[in-house]
Amino acid sequence: MPFIADLHIHSKFSRACSKALEPETLYRWCQLKGITVLGTGDFTHPAWSAQLQEKLVPAEAGLYQLRPELARRQDQDVPQSCRAPVRFLLESEISCIYKKDGKVRKVHHLVFAPSLAAAARLSARLGEIGNIRSDGRPILGLDSRELLALVRGSDPEAYLVPAHAWTPHFAVFGSESGFDSLPECFGDLASEIFAVETGLSSDPPMNWRLSALDRIALISDSDAHSPEKLGREANLFDCELSYPGIFSAIRGRDPERFLKTLEFFPEEGKYHVDGHRKCGARLDPEETIRRGGLCPECGKPVTVGVLHRVEKLADRKTGKRPAGAPDFESLIPLKEVLGQALRVGPGSVKVDALYHRLLARFGSEFRILRELPAAELEAEGLPLPALALARMRRGEVRLQAGFDGEYGTISVLAENDFSHQDQLALL
Ligand SMILES: [Zn+2]
Ligand SMILES: [Zn+2]
């Protein structure tokens, strides 16, 4: 049975993260979202690791589940329609900040461990190098190559995957403090890298433009800082439900077992194009080049976004899909879809009520976004959400790209749709 995995999140112990990020809440939200396997986030943090040890018990090889007595209590708040098993996989993010070739590098990496014991071994080594106690995503003055060597040395099944590979400030290919290639970053160990996380602002076709990534699996995760953001990007597998099963599917780039990534429209990400947030200046890559990289408002260099950066490093035009590359689907979070249909913000009480009503009626958010026939929403007296969903699935969306930390916006409905609501010829 195919299942969805989100392999990059954070706990309440990471900076700027919700206090609600507890194992119990994650378990509940995974069911509401339709996620089967969730990265734990932050396993290097001593207090979070203590919680994981206390509240999780082993399940399938390399996976953990919430203790049954804790799970039962949470299940009372999960509608029957959404109830499903949830597994945890040990994951943490490390921020490496160091100097290489005369430049300051700031790169985030995901590290994965096949057991609590392996995670503890790796954390102990990292704790000798820097402070892993103050932040769930620790900052270490460690070269990426050295981190990779430590991870691979800690357990034969411990892996490193560069996180949100294209974001300007903290990524392996980032315009501000990254590298132009994996060998430049990881040196002689570059062949140990078998996957990169594409991040919210890029999608697979953008990454397919680099032949250097043809042998690399592209994974997508939420990097959630609050429970509601879980699964905003994720991976769809049809493999053995286990840590080795998942990593063998990723490493093998086997489209029979690693089926798809579930993506944001990349324009919605907050670093898609170039610009200056505080000046309100959004620039397409061509315009940035025409202006010599400078902001039209303040004259200082703009933040170069993901699209521009891909363009710079790409060695082929769009259109080629490398052999073995999984498929992908572009989705919009259900609350955004409902907010547009109700003409209120996605965080409003009205949207929240409808969201939970739909989940109780039809099942998890992913089930509604990906599988529910739009006609069923229409039959429920919800023609506009039905229309919005159908358009999202066909990719009929209007986008205003994000830049310099400002999320992009996406519209699936137009003024017209509201005035003709009673005579909607749907789908
Ligand atoms: Zn990060
Ligand atoms: Zn400016």
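The coordinates are above.
Residues numbered from 1 in each chain as written. Chains lettered and ligands numbered in written order. Predicted model: local features only at pLDDT ≥ 70, side-chain atom pairs only at ≥ 80, totals over all residues. Heavy atoms only, no water.

Student: Whenever I open this one, the coordination of the zinc ion (ligand 1) confuses me. Can you help?
Tutor: Four donors placed tetrahedrally about a metal ideally form angles of 109.5 degrees, and six donors placed octahedrally ideally form angles of 90 or 180 degrees. Around the zinc ion (ligand 1), the donor atoms from the protein are Glu93 (OE), His108 (ND1) and His164 (NE2), and they sit 2.1 to 2.2 Å away. For the zinc ion (ligand 1), all donor residues lie on one chain, and their spacing in sequence is E-x14-H-x55-H. Residue Glu93 is found in strand S5 (residues 87-100), and its partner His108 is found in strand S6 (residues 103-113); the two are separated by 15 residues along the sequence. (Donors = N, O, S within 2.8 Å, 3.2 Å for Na, K, Ca; no water. Helix = DSSP H or I, 4+ residues; strand = E, 2+ residues; numbered from the N terminus.)

Student: What is the right way to look at the coordination of the zinc ion (ligand 2) in this model?
Tutor: Protein-derived ligands of the zinc ion (ligand 2) are His276 (ND1), Cys279 (SG), Cys295 (SG) and Cys298 (SG), with the metal-ligand distances lying across 1.9 to 2.4 Å. According to the relative accessible area criterion, His276 is buried, its value standing at 9%. By relative accessible area, which is 4% here, Cys295 ends up buried. (Buried < 20%, exposed > 50% of the residue type's maximum accessible area, 1.4 Å probe, protein only.)

Student: It is not clear to me how the pairing of strand S8 (residues 159-162) should be interpreted in this structure. Could you clarify?
Tutor: Each regular strand carries side chains that alternate between the two faces of the sheet. Residue alternation in S8 divides its side chains into two sets, Tyr159 and Val161 and Leu160 and Pro162, and both sets are buried. Note: S6 against S8, four bridges, orientation antiparallel. In the sheet register, Leu110 faces S8, and the bridge partner there is Val161. (Pairing = 2+ DSSP bridges.)

Student: Is there a simple way to explain the environment of Ser220 in this structure?
Tutor: Within the secondary structure layout, Ser220 lies in the loop between strand S10 (217-219) and strand S11 (234-237). By relative accessible area, Ser220 is classed as buried at 0%. Ser220 sits 141 residues away from Arg361 along the chain, and the two C-alpha atoms are 28 Å apart. Ser220 has contacts with Thr198, Glu233, Ala234, Asn235, Thr261, Leu262 and Glu263, leaving out every residue within four places of it along the chain. A polar atom in the side chain of Ser220 sits 3.2 Å from the side chain of Thr198. (Contact = heavy atoms within 4.5 Å. Polar contact = N/O pair within 3.5 Å; in protein donor to acceptor, adjacent residues only side chain to side chain.)

Student: Hey, could you run me through the pairing of strand S12 (residues 258-263) in this one?
Tutor: Within S12, five of the six residues are buried, which leaves it mostly tucked inside the rest of the structure. In the sheet, S11 pairs with S12 via four bridges, with the strands oriented antiparallel. Within S12, the residue paired with Asn235 across the bridge is Thr261. Here S12 runs beside strand S15 (residues 327-330); their pairing, made up of four bridges, is parallel. In the strand pairing of S15, Lys260 is matched with Asp327.

Student: Even after reading the chapter, I still don't get the packing of helix H4 (residues 116-129) against helix H5 (residues 144-154), so can you show me in this structure?
Tutor: What describes two packed helices is the angle between their axes and the distance between those same axes. Packing of H4 against H5 brings their axes to within 9 Å, and their N-to-C directions diverge by 150 degrees. As H4 packs across H5, the resulting crossing turns out to be right-handed. Note on element contacts: H5 touches H4 through Leu147, Leu150, Val151 and Ser154, opposite Arg121, Leu122, Arg125, Leu126 and Ile129. Of the residues assigned to the contact of H4 with H5, the class counts are six nonpolar, one polar and two charged. (Axes fitted to C-alpha atoms, helices over the stretch in contact; angles between N-to-C directions. Left-handed = near helix turned anticlockwise from the far one by under 90°. Nonpolar A, V, L, I, M, F, W, Y, C, P; charged D, E, K, R; others polar.)

Student: What exactly am I supposed to notice about the packing of aromatic side chains here?
Tutor: By convention here, two paired aromatic rings are described through the distance between centres and the angle between planes. As enumerated under the stated definition, the model contains 11 aromatic pairs in all. Where Tyr159 meets Tyr243, the ring centres are 6.3 Å apart and the plane angle is 10 degrees; that geometry is what we call stacked. Residue Tyr159 is located in strand S8, and its partner Tyr243 is located in helix H8 (residues 243-252); the two are separated by 84 residues in the primary sequence. An identical accessibility class is assigned to Tyr159 and Tyr243; each is buried. (Phe/Tyr/Trp six-rings, centres within 6.5 Å; stacked < 30°, edge-to-face > 60°.)

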